[in-house]
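An overview of the molecular structure
The primary structure of each chain is shown beneath.
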Amino acid sequence: MFTGIIEHLGAVESLSLQDDGGRITVHAPTLASKLAVSNSIAVNGCCLTIVSTDRDRFSADLSGETIRKTSFGTKTGALQKGARVNLEQPLTAGKEFGGHFVLGHVDGTGRVTRLRRDGESWLYGVEVPEDFARYVVPKGSITIDGISLTVAGWNEGIVEIAVIPFTYEHTNIRDRKPGDAVNLEGDVLGKYVERYLEARGESRRQPALTLESLTRQGF
């Protein structure tokens, strides 16, 4: 589990992709020496398992599903060699919970529509897929490239985020340009509510169990 609070940045050193999987190596001198093989790490919001590490870099394998679901494998605006990436280690017991519940399970990708200065902050716009829109709640939480952000506006399929200077300077948001693919994860609490309501609706559509119906079914 993660919080969406980015404490480190890295750069893609190599990215090898095939239809059924691949591998990414990230140059991360401020973090790599603290990592261990088999541990988890979120790279642009995607939870990956570390398969090798040294003082300055680490590598992780990518499944075919990860490539299809994330900006690692999108046709346009995909993550490229040299790109800066957001890094977060899993939450540890007793540590301050500063963002929101983030699992690192990317739901899909969105597209950057704009990034412009707005006074002391920046206005960040991201177009999201139709099937992700149900997780967008004004003033609610959303994860974009692993960053815990608050939805400031929602208009015609575009999420608008008010980015404060600290977030702009300490994440890869400052590198974003229109057309870039970004990883999206909806709030897991909203997903549980959605699933509960779906299950509740399904149960209401089922015929009520009676002694007579159970007898017919052999009980």
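Here's what I pulled together on the structure shown here. (Residues numbered from 1 in each chain as written. Predicted model: local features only at pLDDT ≥ 70, side-chain atom pairs only at ≥ 80, totals over all residues. Heavy atoms only, no water.)

**Considering the sheet that holds strand E7 (residues 108–118)**
One closed barrel accounts for six strands, arranged E7-E8-E11-E10-E9-E12; its pairing is antiparallel. Direction aside, the axes of adjacent strands within the sheet are offset by 45° on average. Inspection of the sheet shows strand E9 (residues 141–144) paired to strand E12 (residues 181–185) by two bridges, in the antiparallel sense. Paired with Ile144 across the two strands is Leu184, which belongs to E12. (Pairing = 2+ DSSP bridges. Helix = DSSP H or I, 4+ residues; strand = E, 2+ residues; numbered from the N terminus. Axes fitted to C-alpha atoms, helices over the stretch in contact; angles between N-to-C directions.)

**Some words on the layout of surface pockets**
Empty space within the largest pocket amounts to approximately 340 Å³. Elements with a minimum of two residues in the lining of the largest pocket: strand E10 (147–155), strand E11 (158–163) and helix H2 (165–170). Of all the elements, E10 adds the most residues to the lining of the largest pocket, at four residues. In terms of residue class, the lining of the largest pocket is built from nine nonpolar, six polar and no charged. The space that makes up the second largest pocket amounts to roughly 220 Å³. (1 Å grid on protein atoms, 1.4 Å probe; cavity = no way out; pocket = protein on both sides within 12 Å on 5 of 7 lines; lining within 4 Å. Points joined across faces, edges and corners; volume = space filled by probe spheres on them. Nonpolar A, V, L, I, M, F, W, Y, C, P; charged D, E, K, R; others polar.)

**Focus: the pattern of salt bridges**
In this structure the tally under the stated criterion is 12 salt bridges. Here Arg57 and Asp54 are joined by a salt bridge, their closest N and O atoms 3.4 Å apart. For Asp175, the salt bridge is made with Arg84, and the minimal N-O distance between the two is 2.6 Å. Of this pair, Asp175 sits in the loop between H2 and E12 while Arg84 sits in strand E6 (residues 84–88), placing them 91 residues apart in sequence. Judged by relative accessible area, which is 30%, Arg84 ranks as partly exposed. One network of salt bridges, in which partners are shared, links Asp145, Arg176, Lys177 and Asp180. (Salt bridge = Lys/Arg side-chain N within 4 Å of Asp/Glu carboxyl O. Buried < 20%, exposed > 50% of the residue type's maximum accessible area, 1.4 Å probe, protein only.)

**As for the packing of aromatic side chains**
One pass over the full model with this rule turns up two aromatic pairs. Aromatic side chains Phe132 and Tyr135 sit 5.8 Å apart centroid to centroid with 70° between the ring planes, which places their arrangement in the edge-to-face category. Relative accessible area serves as the criterion here: at 3%, Phe132 is assigned to the buried category. Looking at Lys191, its charged tip hangs above the ring of Tyr135, at a distance of 5.8 Å from the centre. (Phe/Tyr/Trp six-rings, centres within 6.5 Å; stacked < 30°, edge-to-face > 60°. Lys NZ or Arg CZ within 6 Å of the ring centre and 35° of its normal.)

**Details of the pairing of E7**
Where E7 meets E12, four bridges bridge the pair, whose relative direction is antiparallel. Each residue of the ladder has a partner; that of Gly108, found in E12, is Leu184. Examined bridge by bridge, E7 and strand E8 (residues 121–127) share seven bridges and lie antiparallel to one another. Looking at the pairing, Arg117 lines up with Trp122 of E8. Counted along the chain from E7 to the antiparallel partner E8, the turn is two residues long, and its residue Gly119 has a positive phi close to 70°.

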